[in-house]
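Listed below are the residues making up each chain.
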Amino acid sequence: MSDTAPDAASEGVPVPKRVRVHHLRQAKERGEPITMLTAYDAVTARIFDEAGIDVLLVGDSIGNVMHGRSTTIPVTVEEMVPAVRAVSSAVDRALVLADLPFGSYEADPRQCFETATRMLKDAGAHAVKFEGGAHLSEHVELLTRSGIPVVAHLGFTPQSENLLGGKRVQGRTEDAVERLVGDALALAEAGAVAVVLEMVPAPVAARVTEVLDIPTIGIGAGADVDGQVLVWTDMAGMTAWSPRFARQFGQVGTELYNATRAYGQAVRERTFPGEEHSFAQ
């Protein structure tokens, strides 16, 4: 969903000033891939927005990426709200999608509604995402009736990794595939506007994409989905290790290291600050 495509105007394809949920469905109908990245702060969110990314996911992966935790499970609503607020305040075009952290929505639809409401009212998100299958259909229905767009999350669900036995690919048996397809259809019927498919075999993700009217966003789910999402530090080469499904599109970590070394050397050699960086009396 590019706002810089040279043939967009000639083809009569509207370019949204702000990406809304209906634009995602229109992109699926046109066969136009949807782009999504995680973001956790205003600085990177502004860059990603200006670069034309359609959806910025303020993920509970903030626990791993920014807080140094081994899982997403400890992340709290109180930690998520400032991050969502920072991202939403920095963007002009991208749709801001907020994760609901573990323990903040599972109990019942009312709890889910209260947490989602905070993400929209207090933090400025445009939509929310949470993990789980058909058993959360009532949660999706309540939020949808209340005007809160929901993105579902199926396949490997990080908040359930203790139950799943770790970070494991999901949907490899025929029974698991049928459950995955059934969950996706149930959540779409309940009102979900899109589904994230994480660590799912490519043919399975393609099958889910084919049967759904709403977009699928893949992460480790192959190419035959309606869009892709990556954790931005994996995408930019900021981490020493990245999962198999990630690709490094730059070496920002190396550049930041080199800039930091150069700064430290300049300070030690007293070549910074120079006269041009100082104020006259």
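Computed from a prediction, not measured in an experiment: that's the story for all the values here. (Residues numbered from 1 in each chain as written. Predicted model: local features only at pLDDT ≥ 70, side-chain atom pairs only at ≥ 80, totals over all residues. Heavy atoms only, no water.)

Asker: Help me out: how do you make sense of the overall build of the chain in this one?
Answerer: Regarding its fold elements, the chain presents 11 helices and eight strands. Relative to its length of 281 residues, the chain is compact, with a C-alpha radius of gyration of 20 Å against a globular reference of 19 Å. Projecting the C-alpha coordinates of the chain onto the three principal axes gives extents of approximately 70 × 50 × 35 Å. Within the chain, the proportion of its 281 residues that are buried is 49%. A fraction of 57% describes how many contacts in the chain between residues 6 or more apart in sequence connect residues 24 or more apart. Carbon and sulfur atoms make up 53% of the accessible area of the chain, which totals about 14,400 Å². Of note, the chain has its 25 positive side-chain charges centred 3 Å away from the centre of its 37 negative side-chain charges. (Helix = DSSP H or I, 4+ residues; strand = E, 2+ residues; numbered from the N terminus. Rg over C-alpha atoms; globule rule 2.2 N^0.38 Å. Buried < 20%, exposed > 50% of the residue type's maximum accessible area, 1.4 Å probe, protein only. Contact = heavy atoms within 4.5 Å. Areas by Shrake-Rupley, 256 points an atom, 1.4 Å probe, with all protein chains shown as cover. Lys, Arg positive; Asp, Glu negative; His and termini not counted. Charge placed at Lys NZ, Arg CZ, Asp CG, Glu CD.)

Asker: Mind showing me how you'd approach the sheet that holds strand β3 (residues 95-99) here?
Answerer: For sheets, the rule is that strands pair by backbone hydrogen bonds, running either parallel or antiparallel. Reading around the circumference, β1-β2-β3-β4-β5-β6-β7-β8 is the order of the eight strands in this closed barrel, with parallel pairing throughout. Here the strands of the sheet are splayed against their neighbours by 25° on average, with no regard to which way each runs. (Pairing = 2+ DSSP bridges. Axes fitted to C-alpha atoms, helices over the stretch in contact; angles between N-to-C directions.)

Asker: Looking at this structure, I do not really get the confidence of the model for the chain. What am I missing?
Answerer: Should pLDDT be low for a region, the predicted coordinates there are not to be read in detail. With 95% of its residues at a pLDDT of 70 or more, the chain has an overall mean of 94. Overall, residues 4-10 carries pLDDT values under 50, and its contacts beyond four positions in sequence, including any with other chains, amount to two contacts. (pLDDT = per-residue confidence, 0-100.)

Asker: What exactly am I supposed to notice about the UniProt feature "binding site: Mg(2+)" (unreviewed entry) in the chain here?
Answerer: In this numbering, the UniProt entry assigns the feature "binding site: Mg(2+)" (unreviewed entry) to D60, D99 and E131. Of the residues just listed, which span 72 residues, no C-alpha pair is farther apart than 11.0 Å, and they cluster in one region. Here D99 lies in strand β3. The exposure class of D99 is buried, given its relative accessible area of 4%. Each residue touching D99, except ones within four places of it in the same chain, is listed here: L57, V58, G59, D60, M80, M119 and K129. (UniProt positions renumbered as here; feature names shortened; annotations may be inferred.)

Asker: Just to check I follow, could you spell out the UniProt feature "active site" (unreviewed entry) in the chain for this structure?
Answerer: The UniProt record annotates "active site" (unreviewed entry) at E198. Residue placement: E198 occurs in strand β6 (residues 194-198). With residues near it in sequence (within four places) discarded, E198 still touches H153, L154, G155, F156, P158 and I219.

Asker: Just to check I follow, could you spell out helix α2 (residues 42-50) for this structure?
Answerer: One turn of an α-helix holds 3.6 residues; hence residues three or four places apart share an orientation. Within α2, burial applies to T44, A45, F48 and D49. Here the buried residues of α2 occupy an arc of 135° about the axis, which is enough to place them on one side. Residues of α2 that are exposed and angled more than 90 degrees away from the buried face: V43 and E50. Residues of α2 that are buried in the fold lie against β1 (34-38), β2 (55-58), α4 (77-90) and α10 (232-235). Its side-chain oxygen 3.0 Å from the backbone nitrogen of V43, D41 forms the N-cap of α2. Just beyond α2, the residue with positive phi is G52, at close to 95°. (Arc of directions from axis to C-beta. Polar contact = N/O pair within 3.5 Å; in protein donor to acceptor, adjacent residues only side chain to side chain.)

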